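Reading the structure
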Protein chains: 2
Amino acid sequence: MNTASRSAVSEIASAIGSPSELWRVRARAHLDVLTKPLGSLGMLEDISAQMVSIRQEEFAEPLRKAVYVFAADHGITSEGVSAYPSEVTRQMVLNFLAQGAAINVLAKLHHVEMNVVDVGVDADFDAADRMLNYKVRRGTRNMLREAAMSDAELTQAIEVGLKLAVEAKSQGKNLLAVGEMGIGNTTASSAITSILTDKPVALVTGIGAGLDAAAQAHKRRIIETVVRKHFAGLGGISVVDPLEVLRCVGGLEIAAMTGMILGAAGNGIAVVADGFISTTAAAIAFAIEPRVRGYLFAGHQSEEPGHRVLLEYIGLKPILTLNMRLGEGTGAVLAMPIIESAMHLYNEMATFTSAGVSEAKK
Amino acid sequence: MNTASRSAVSEIASAIGSPSELWRVRARAHLDVLTKPLGSLGMLEDISAQMVSIRQEEFAEPLRKAVYVFAADHGITSEGVSAYPSEVTRQMVLNFLAQGAAINVLAKLHHVEMNVVDVGVDADFDAADRMLNYKVRRGTRNMLREAAMSDAELTQAIEVGLKLAVEAKSQGKNLLAVGEMGIGNTTASSAITSILTDKPVALVTGIGAGLDAAAQAHKRRIIETVVRKHFAGLGGISVVDPLEVLRCVGGLEIAAMTGMILGAAGNGIAVVADGFISTTAAAIAFAIEPRVRGYLFAGHQSEEPGHRVLLEYIGLKPILTLNMRLGEGTGAVLAMPIIESAMHLYNEMATFTSAGVSEAKK
């Protein structure tokens, strides 16, 4: 990665502060006087305390929720790593625009603004299509042969996410979800996960959109070769530059999500990761600057084996575990009513004093 | 239990049919042509298939959701088994009516009709209080000395729930949640769970609303004495009459919830169990008639150790696991947006054909 782009990302990362510990303590004190046994709302209390510590204010404003679905293609698909042909990326983007995909249904039901971002689909769309056009390149290069992106492409993709996070802030959005669509992107995610967490490829490679055992074994061998090609001889996490990992074996949508997560944290906005691929972006952002963790929620834990490894690596507990493996931001948006519930409870419940309810015996 | 009440419950139970296997198969076939990898919506697909098999129709009608919070006191509280004084049952009922409790906040946010049912609170309420008045008795008897209820009281409490389920059906409600408030009711639930599942009391007794270790040990000893007193010499599940267990060591709200669950199943309505106490009612209903399982959802898994044992006993997988232990129906209502999401996805997603998306390679 060249010095210019490195310093741009460093600048963003260094602007990220921790969520307020003072506000977290205040939030905990408030939760303890609400009419319920101490701590009995469990993870909902953790969620509302985290939201208060991020926002550094009581919940005066309602949540303004948005999901960003970043779409891009992957050169590695020519090696036969996916159950679906790569044209499906384009087809699913059109399905998003026609409101027919799972994420459309969930976003509509839970009042979440839906944004489709083309950051690298291998197709041309109509100018009339209502999407955000930030195509960096028609898909990544085949990482079995060369780095997936050039320095300039990586920087450009990260900046798409950064820019959208800044815009979200200026639009008053205060809860973002990152999702993706990209045939081949579990292959990139498994490669990144293996390198970042120093775990064997076999442990972090799953069936993606639905491979049989033989095809999964082939995918694993391809990823092992990719990892060896770009990072042979490197041992352990400490020596790996996360941006270089992203550049060599990542994807344009993963880079854009990394940018959005860094940008959200830098602007004090909470962001919900979805499944394996978006959590890969979160892990890269966390590797660049560990303070991003304070702004992150894990919407769910997917069926992809690498997802659990990444959640442990970052130190996130998933809100939902529903055996999903769809992506698109579906698990993140599905967690939003839970986050919203936590905030409404925090704001609207009576206190022991106001309701005249006796507290626990001492 | 006398013959009259036994036969009334038997009649209800025998009217319960299984959800339609034909409709479940149809639902699975529909799910498989939606624009997503096969099975990738995980438990959401199980939920929507179950709802279709219960309703035996495509999802033409929107969900009409209601929660019933059954409140009652427990004679066993005079033995010091709870962290809170028994007056809190009455105080929390008033808090429900004033919209200040956690369940009020969640029901309002998720558009769930909220009903408070006095089935046995040890207090008199104002006629102006907007609740359903079905008080059977001002709290159960102290089960350390005698059976918690008489035959007649048990029958009356069960019939409250049955009646409300029939009314819910006639009002077009199609998704019910059962919740409760009753200081002392984890003690009754642990006793029932131990007898029903043949597990040691120590394994199924928790901290309730918040006991310290010494108080929890005291609670456990009380429950062990109660179980020995009423069911000494009985070995194994098969010889235990679930209604007799409910009568001797149960609670009026647990009996009413049992009635509502039997009534919901008998009327083809889905019902969401909440935490340990409402799942105890579900377990009694299941022990009476195993076909009720087909109508049940487990909203969440609570922190009470007996809850997991009961979910396994019935064979239910919890939708949420958020370390909650509050009751009131909170975990059940919190699962409703997930159930609703599953149904909207089933109804609104495009198919591969309609969206022009390629299917997986064969």
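Please refer to the structure higher up on the page.
Below is a short write-up of the structure.

Calculation notes
Residues numbered from 1 in each chain as written. Chains lettered and ligands numbered in written order. Predicted model: local features only at pLDDT ≥ 70, side-chain atom pairs only at ≥ 80, totals over all residues. Heavy atoms only, no water. Least-squares fit on C-alpha atoms with pLDDT ≥ 70 in both. Contact = heavy atoms within 4.5 Å. Pairing = 2+ DSSP bridges. Helix = DSSP H or I, 4+ residues; strand = E, 2+ residues; numbered from the N terminus. Axes fitted to C-alpha atoms, helices over the stretch in contact; angles between N-to-C directions. Parallel < 35°, antiparallel > 145°, perpendicular 65-115°, else oblique. Left-handed = near helix turned anticlockwise from the far one by under 90°. Nonpolar A, V, L, I, M, F, W, Y, C, P; charged D, E, K, R; others polar. Buried < 20%, exposed > 50% of the residue type's maximum accessible area, 1.4 Å probe, protein only. Polar contact = N/O pair within 3.5 Å; in protein donor to acceptor, adjacent residues only side chain to side chain. Buried area = accessible area lost by both parts, 1.4 Å probe. Salt bridge = Lys/Arg side-chain N within 4 Å of Asp/Glu carboxyl O.

1. Re the relation of the copies chain B and chain A
The operation relating chain B to chain A is a screw motion whose rotation component is 180°, with 0.0 Å of axial translation and a residual RMSD of 0.0 Å. What the superposition gives is, in effect, a two-fold axis relating one chain to the other. Of the residues that chain B buries at the interface, 100% are likewise interface residues in chain A, meaning the two copies contact each other through the same surface.

2. Quick word on the sheet that holds strand S7 (residues 318-320) of chain A
Residue and element names in this part refer to chain A. Sheet architecture is open: seven strands sit in the order S3-S2-S1-S4-S5-S6-S7, paired in parallel fashion. Taken across any chain shown, the strands that pair with only one partner, and hence form the sheet edges, are strand S3 (132-133) and S7. Both strand S1 (residues 65-72) and strand S4 (residues 175-181) contribute to a ladder of seven bridges, which runs parallel. In the sheet register, alanine 71 faces S4, and the bridge partner there is methionine 181.

3. A word on the packing of helix H7 (residues 185-197) of chain A against helix H12 (residues 305-314) of chain A
Residue and element names in this part refer to chain A. Where H7 contacts H12, the two axes come as close as 10 Å, and the packing angle between them is 40°. With respect to each other, H7 and H12 are oriented oblique. In this structure, H7 meets H12 at a crossing whose hand is left-handed. In contact with Thr193, Leu196 and Thr197 of H7, H12 contributes Gly306, Val309, Leu310 and Tyr313. Considered class by class, the residues forming the contact of H7 with H12 number four nonpolar, three polar and no charged.

4. Structural notes on the side chain of Thr155(B)
Residue and element names in this part refer to chain B. With respect to the helices, strands and loops of the structure, threonine 155 is situated in helix H6 (residues 151-170). Given the relative accessible area of 13%, threonine 155 is considered buried. There is a polar contact of 2.8 Å between the side chain of threonine 155 and the backbone oxygen of aspartate 151.

5. What to know about the pairing of strand S1 (residues 65-72) of chain B
All names here are of chain B. Where burial is concerned, most of S1 is hidden: eight out of the eight residues are buried. By the alternation rule, side chains of S1 split into Lys65, Val67, Val69 and Ala71 and Ala66, Tyr68, Phe70 and Ala72, which are all buried. Judged from the seven bridges that link them, S1 and strand S2 (residues 113-120) form a sheet pairing that is parallel. Across the sheet, alanine 66 pairs through a bridge with glutamate 113, a residue of S2.

6. What about the sheet that holds S1(B)?
Hydrogen bonds along the backbone pair up the strands of a sheet, which may run parallel or antiparallel. Residue and element names in this part refer to chain B. The seven strands lie next to each other as S3-S2-S1-S4-S5-S6-S7, forming an open sheet whose pairing is parallel. Unpaired on one side and paired on the other, strand S3 (132-133) and strand S7 (318-320) mark the two borders of the sheet. Against the sheet, helix H10 (residues 252-266) contacts S1, S2, strand S4 (175-181), strand S5 (270-273) and strand S6 (296-300), and its axis sits at roughly 175° relative to S4.

7. Remarks on the environment of Thr186(A)
Residues and elements named next belong to chain A. Tracing the sequence through the fold places threonine 186 in helix H7. Take threonine 186: its relative accessible area is 14%, and that puts it in the buried class. For threonine 186 and valine 204, which are 18 residues apart along the polypeptide, the C-alpha to C-alpha distance reads 9.8 Å. If we skip the residues at most four places from it in the chain, threonine 186 touches Gly208, Lys219, Phe276, Ile277 and Glu304. In terms of polar contacts, threonine 186 uses its side chain to reach the side chain of lysine 219, at 2.8 Å.

8. Topic: the interface of chain B and chain A
Contacts between the two partners involve 53 residues from chain B and, on the opposite side, 53 residues from chain A. Note on chain B versus chain A: buried area summed over both sides is about 4,500 Å², and carbon and sulfur give 63% of it. Sorting the residues of chain B by area buried against chain A places Tyr84(B), Leu322(B) and Lys361(B) first, and these three jointly supply 12% of that buried surface. Joining chain B to chain A, the criterion identifies zero salt bridges. In this assembly, chain B and chain A are joined by 16 residue pairs in polar contact (both at pLDDT 80 or more). At the level of elements, helix H3 (43-55), helix H4 (87-97), helix H5 (102-109), S7, helix H13 (330-348) and helix H14 (352-355) of chain B are the ones that each hand at least two residues to the side of chain B that touches chain A. Looking at the side of chain B that touches chain A, the element that brings in the most residues is H13(B), giving eight residues. Class assignment of the residues belonging to the side of chain B that touches chain A gives a composition of 31 nonpolar, 14 polar and eight charged.

Read these as spatial facts, not as claims about activity.
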